[in-house]
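For reference, the chains in residue letters:
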Amino acid sequence: MGTRKFTRAAACAAAVILALAVHAEPAPPGAVGGAPLPPVAAVRQRVAADPRAAAQLAALEKGVRPYVARHREDPAWIVSRLQMYWQDHHTRVFVKNGAYDHAEGRAPVPTVRFTGARDAVSAYLTPRLEDVKPYMGEGDKLWLQRRDGSQTWEWVEQSRSGRVIESINMRIAELARDAAFLYWYQDDAEAARFAYDILDTYLSGMFYRELPSDLRRGHDQNIVGLQSFEVIHEDIIAPLTETYSLLQRYAAQRAPAKRQVFDGALKKWADVLLLNGVPWNNWNLIKARFVLQVASVLGDDATYADGKGRQYYVNTVLSGHGPRHWALQRLMEFGYDPGSGMWNESPGYSINVFGDFTECLEMLERVFGIDYFSRLPALQQAAQALPQYLLPNGRTVGFGDTRYDLPRIQGLKRLLAHAERKDLPQAGEYRKLLAALRNGADGTGERLRPVHALVAATESDRAPAAAAPLAAYQSPTYYSANTSWLIQRNGYAASDAASQALAVSLVGSNGNHAHANGLAMEIFAKGWSLAPESGRGSGYFQSDYADYYSQFPAHNTVVVDGNSTYPAMKIAQPFKLLAAYPAPGAALALAYPGITFGEASFIEPATQADQRRLLATVRIDDSHAYVVDVFRSRRREGGDRYHDYLYHGLAQTLQFSAGGAPLPAEPTTDLSFAGGDLTGYEYWFDKQALKAEGPLQARFDLKLPDDELSMRLWLQGAKRRQFYSVKAPPSTSWESGMLPKDVAQMPSPTLVVRQYGPAWARPFAVVMEASRKGEQEAVQQVTEFVPDGGAGEAVGLDVRLDGGRRHTVFSSADPARTLTHGSQVVEGRFGVTGVGPGGLEMLFLGDGRRIGAEGYSLECVERSCSAALWRTSDGWQYSATGAVRVRRPSAVRKKDLRLPASRPAPVPRT
């Protein structure tokens, strides 16, 4: 019955098509992979000469040939697997509360079925095409298999199917595109017929579909697309327009009158993309890319009665359209930080935006003859900033809604290709940067489909010059205001940086795809993100995202009174950067390589609490370094109940100890919603508690198949301080394959330190050191003290190291105070003195006026500065951000204090 209905519908459609036919026009250029099709002879030549290209062609044929062969004998098989309104031919779709509700109206042909829900998470799997029932959809139901262990097949209401409908149609459209390529490449008529039948069925059905209506008249009405709940997920436009481009000759011969239907469907789609969506983030660029893909297959404006053809849609992308689609230049000026070159979204989204910008500009230039690269110079700065997102293992930092991804380099390749086409001087620098990104990690995040790889294979792809190390494009510290993010790197320029470097990320909440995390920390050490970010959980529309992953309890931060929170996603709750050393973006050569630090302040909105976090990295030797974390927190109006310091570890176990002996913990019912804490606390389980008034340690142990690591936290007990060990949901930031599956999915051992009352006069002061099995830990003991003159505002840490060395760390909330401890004196925000068996080894002053120990001192002459003095085998070295006066003990002869000329580093931004 379904087949007979389809045949009658096709006859009706033919009459409509003939009525719409207009005069012929030369075929539009089209685009595949964002670029015009090269001469087919060039691709054939490349396949004959390049084994990689031959393998790509073989992979493409292997994937699509069986379906083409089946289509020869059974032309209804693949078409009937498309998700359409086969029986009812609905034209109007209605949605409610983020899900499909029902459809109405009737067209002369089967129409494209709308998706099930905005949320991709579903209890059902997307079936293989072989398991899809033909002409499925009567009664708005789908035959699907449960995702749980039962693997039961059952009829499912469309609203419960997530985005399964889109996934099925996308798979079929990609097969059509691959078959169309074989027609273009081999003049294969059977492949052309297969591709055309899919394209014809889908676009003819889309021609009659209308913009869905939200029964609640809410936000969904302004973001919905024709076949997806969000216009940014109209991804099927790409393979459909590419199929159209590759089939131009075949379509013109087989059914020239159909062009008006195909174009009409695509124009309607483009109009919806321009009408709906979000203009101020990555949505705008995704929509622009879709619209340009549609424009690439359209005729000139004069071809259409409404005057809307290729030129109209290109100009609309460039100039903007209404309140929900901005011009490219306006978007760039809004989203990119002019100081840092960073886009105002989390790293994964930011790098994608760079790629989307360059893809749009490449299409404008190569398909439509409009060179817009020079109009958006911020892209050059954005390209240079790409390496700053990367940890020493070559993967991105993980804050916000992102993962530890490998860098995607296609955007930089497009920028390079443009510079080479125009013979611009930047081409050489782009090529070196591209080589460094490729060299910085084991591969990149690019995964080109065979069709795109074959087309792109004819592009200039000369071997780069010798790759500079990735570190050449990074700096010890980097700060981006529009994402409220500061990163510190220590030892990152060494040859063994991937396994020995230390990196600390501090993030607030600013921009898009940000989390409510206060002052959140991430630590990379010994090759792994041992204090990882949380990721986004199972999905944006799931309760674990709303209650946990996007909120304070999932982050390495401090929660006030169990109630710190604010809305996630698009946020304007940045921290204020108080000081950083070296200055963000300053070269390593201009600074002391042994220490970095940064301090930021934040007003937690839910409790109106002042929070301040100082993070520092201290290098001991090539293999050892530690992190200093001083977190102050207090409610402005007083009445503090407690402040909870959270640390989530990548580990299997967490154990407390003191003086080398284990500290037992007891089960507790604390840390719960019933006790007045956030709902996110309910995600913690196996909660254990202990009290300690003296120093103690928390040790996180991780065992991997070929590596064993530990992270030891040196903590300070107190009468009004409680320590907890809990298990938390796993981080979802790990890219597939980074970790063994059982490790990636295991609960995260988590430390909670609860300070009753404010945590300002007695802040959380923690020293952390990572070690690998077989390595001797450098930190042997850490004791907290209150420096003289610093009561209520300062804290000190006596850090005993192996080999008889000793560091003394000072942190002051009031940098103008003079702090003393024995013979040591500090007037500044942060200070470290280092003494070994041979006497003073190092002085470091962070944003202050002076520091002194063992008869040596550094004094800033005109204003506060950061400065360091350190001993090397070649004598003493120094670095300073301003003029300093160096004093020596009277017993040290002046000629023994050799200070080589050193340029002062730039003054940090505050």
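Residues numbered from 1 in each chain as written. Predicted model: local features only at pLDDT ≥ 70, side-chain atom pairs only at ≥ 80, totals over all residues. Heavy atoms only, no water.

Student: Before we go on, may I ask you to explain the sheet that holds strand β30 (residues 759–772) in this structure?
Tutor: Sheet strands pair via backbone hydrogen bonds, and the direction of the pair is either parallel or antiparallel. If you trace the nine strands from one edge of the open sheet to the other, you get β17-β18-β19-β20-β30-β27-β26-β22-β23, paired in antiparallel fashion. A strand with exactly one partner marks an edge of an open sheet, and here the two such strands are β17 (576–581) and β23 (661–662). (Pairing = 2+ DSSP bridges. Helix = DSSP H or I, 4+ residues; strand = E, 2+ residues; numbered from the N terminus.)

Student: Got a minute to help me understand the packing of aromatic side chains in this structure?
Tutor: The relative placement of two aromatic rings is captured by the distance of their centres and the angle of their planes. The final tally for this structure, using the stated rule, is 39 aromatic pairs. Aromatic pair Phe207 and Tyr208: ring centres 5.0 Å apart, planes at 80 degrees, arrangement edge-to-face. The exposure classification of Phe207 matches that of Tyr208, with both residues buried. Ring pairing ties together the aromatic residues Tyr581, Tyr592, Phe597, Phe830, Phe844 and Trp870, which thus form one cluster. Positioned above the aromatic ring of Tyr642 is the side chain of Arg754, whose terminal nitrogen or guanidinium carbon lies 3.6 Å from the ring centre. (Phe/Tyr/Trp six-rings, centres within 6.5 Å; stacked < 30°, edge-to-face > 60°. Buried < 20%, exposed > 50% of the residue type's maximum accessible area, 1.4 Å probe, protein only. Lys NZ or Arg CZ within 6 Å of the ring centre and 35° of its normal.)

Student: Would you explain the pattern of salt bridges in this entry?
Tutor: Side chains that differ in charge, positive against negative, can pair when their charged atoms come close. Tallying each qualifying case throughout the model produces 60 salt bridges. Two residues, Asp644 and Arg754, come together in a salt bridge whose shortest N-O distance is 2.7 Å. Of this pair, Asp644 sits in strand β21 (residues 642–648) while Arg754 sits in strand β29 (residues 748–756), and the two are 110 residues apart along the sequence. Note on Arg754: relative accessible area 4%, which makes it buried. One connected set of salt bridges, linked through shared partners, spans Arg289, Asp356, Glu359, Glu362, Arg366 and Arg414. (Salt bridge = Lys/Arg side-chain N within 4 Å of Asp/Glu carboxyl O.)

Student: Sorry if this is basic, but what is going on with the side chain of Asn276 here?
Tutor: Relative to the helices and strands, Asn276 resides in the loop between α9 (259–275) and α10 (282–295). Engagement of the side chain of Asn276 in a polar contact is seen with the backbone oxygen of Gln221, the distance being 3.1 Å. (Polar contact = N/O pair within 3.5 Å; in protein donor to acceptor, adjacent residues only side chain to side chain.)

Student: When you look at the confidence of the model for the chain in this model, what are you seeing that I'm missing?
Tutor: In low-pLDDT regions, the fine details of the predicted coordinates are not to be read closely. Averaged over all residues, the pLDDT of the chain equals 92, while 93% of them reach at least 70. Confidence drops under pLDDT 50 across residues 1–24; counting only partners more than four residues distant or on other chains, this segment forms 27 contacts. Note that residues 900–910 has pLDDT below 50 and, in this model, 29 contacts with residues that lie over four places away or in other chains. (pLDDT = per-residue confidence, 0-100. Contact = heavy atoms within 4.5 Å.)

Student: Looking at this structure, I do not really get the nonpolar core. What am I missing?
Tutor: Core analysis: the biggest nonpolar cluster contains 217 residues, and Phe181, Phe357, Ile523 and Tyr647 have the highest contact counts within it. When neighbours within four sequence positions are excluded, Phe181 is seen to be in contact with Val43, Leu57, Leu60, Leu246, Val451, Leu454 and Val455. Counting 30 residues, the second largest nonpolar core, distinct from the first, contains Tyr581, Val767, Val779 and Ala868. (Core = buried A, V, L, I, M, F, W, Y, C linked by side-chain atoms within 4.5 Å.)

Student: Hey, could you run me through the state of the cysteines in this one?
Tutor: Following the criterion strictly, the structure yields one disulfide and no others. Paired by a disulfide, Cys860 and Cys865 hold their sulfur atoms 1.8 Å apart. On the sign convention where negative is left-handed, the bridge of Cys860 and Cys865, at about -75 degrees about the S-S bond, is left-handed. On the basis of relative accessible area, Cys865 is assigned to the buried category, the value being 3%. (Disulfide = S-S within 2.5 Å.)

Student: Whenever I open this one, the sheet that holds strand β6 (residues 141–146) confuses me. Can you help?
Tutor: The sheet built from three strands is open, its strands ordered β5-β6-β7 with antiparallel pairing. Strands at the two margins of the open sheet, each flanked by one partner only, are β5 (124–125) and β7 (153–157). Strand direction decides the pairing type here: β6 and β7, joined by five bridges, are antiparallel. Pairing of Lys141 across the sheet is with Glu157, part of β7.

Student: What is the right way to look at the pairing of β30 in this model?
Tutor: Here β30 lies mainly inside the structure; 12 of its 14 residues are buried. Bridge count between strand β20 (residues 624–635) and β30: six bridges; the pairing is antiparallel. The residue bridging Val627 from the neighbouring strand is Met768, located in β30. Summarising the sheet, strand β27 (residues 707–716) and β30 pair through six bridges and their orientation is antiparallel. Within the sheet, the bridge partner assigned to Leu713 lies in β30 and is Met768.

Student: Before we go on, may I ask you to explain α10 in this structure?
Tutor: Because an α-helix completes one turn every 3.6 residues, residues spaced three or four positions apart along the sequence face the same direction. Compared with the 20 Å implied by 1.5 Å per residue over 14 residues, the 20 Å span of α10 between its first and last C-alpha is a close match. Two to three positions downstream of the cap, the backbone nitrogen of Trp283 sits 2.9 Å from a side-chain oxygen, assigning the N-cap of α10 to Asn281. (Expected span 1.5 Å × (residues − 1).)

Student: Explain the packing of α10 against helix α11 (residues 310–319) here, please?
Tutor: The relative placement of two packed helices is expressed as an angle between their axes plus a distance between the axes. Where α10 meets α11, the axes come as close as 9 Å, and the angle between the chain directions of the two elements is 165 degrees. By the angle between their axes, α10 is roughly antiparallel relative to α11. Between α10 and α11 lies a crossing of left-handed hand. Across the interface between the two elements, Ala288, Val291, Leu292 and Ala295 from α10 touch Arg310, Tyr313, Val314 and Val317 from α11. Counted by class, the contact of α10 with α11 contains seven nonpolar, no polar and one charged residues. (Axes fitted to C-alpha atoms, helices over the stretch in contact; angles between N-to-C directions. Parallel < 35°, antiparallel > 145°, perpendicular 65-115°, else oblique. Left-handed = near helix turned anticlockwise from the far one by under 90°. Nonpolar A, V, L, I, M, F, W, Y, C, P; charged D, E, K, R; others polar.)

Student: Would you mind showing me how to read the packing of helix α6 (residues 189–207) against α9 here?
Tutor: As a packed pair, α6 and α9 sit with axes 8 Å apart at the nearest point and diverge in direction by 55 degrees. When the axes of α6 and α9 are compared, the pair comes out oblique. Here α6 and α9 pass one another in a crossing that is left-handed. Across the interface between the two elements, Tyr196, Leu199, Asp200, Tyr202, Leu203, Ser204, Met206 and Phe207 of α6 pack against Gln260, Val261, Phe262, Gly264, Ala265, Leu266, Lys268 and Trp269 of α9. When the residues that make up the contact of α6 with α9 are grouped by side-chain class, the tally is 11 nonpolar, three polar and two charged.

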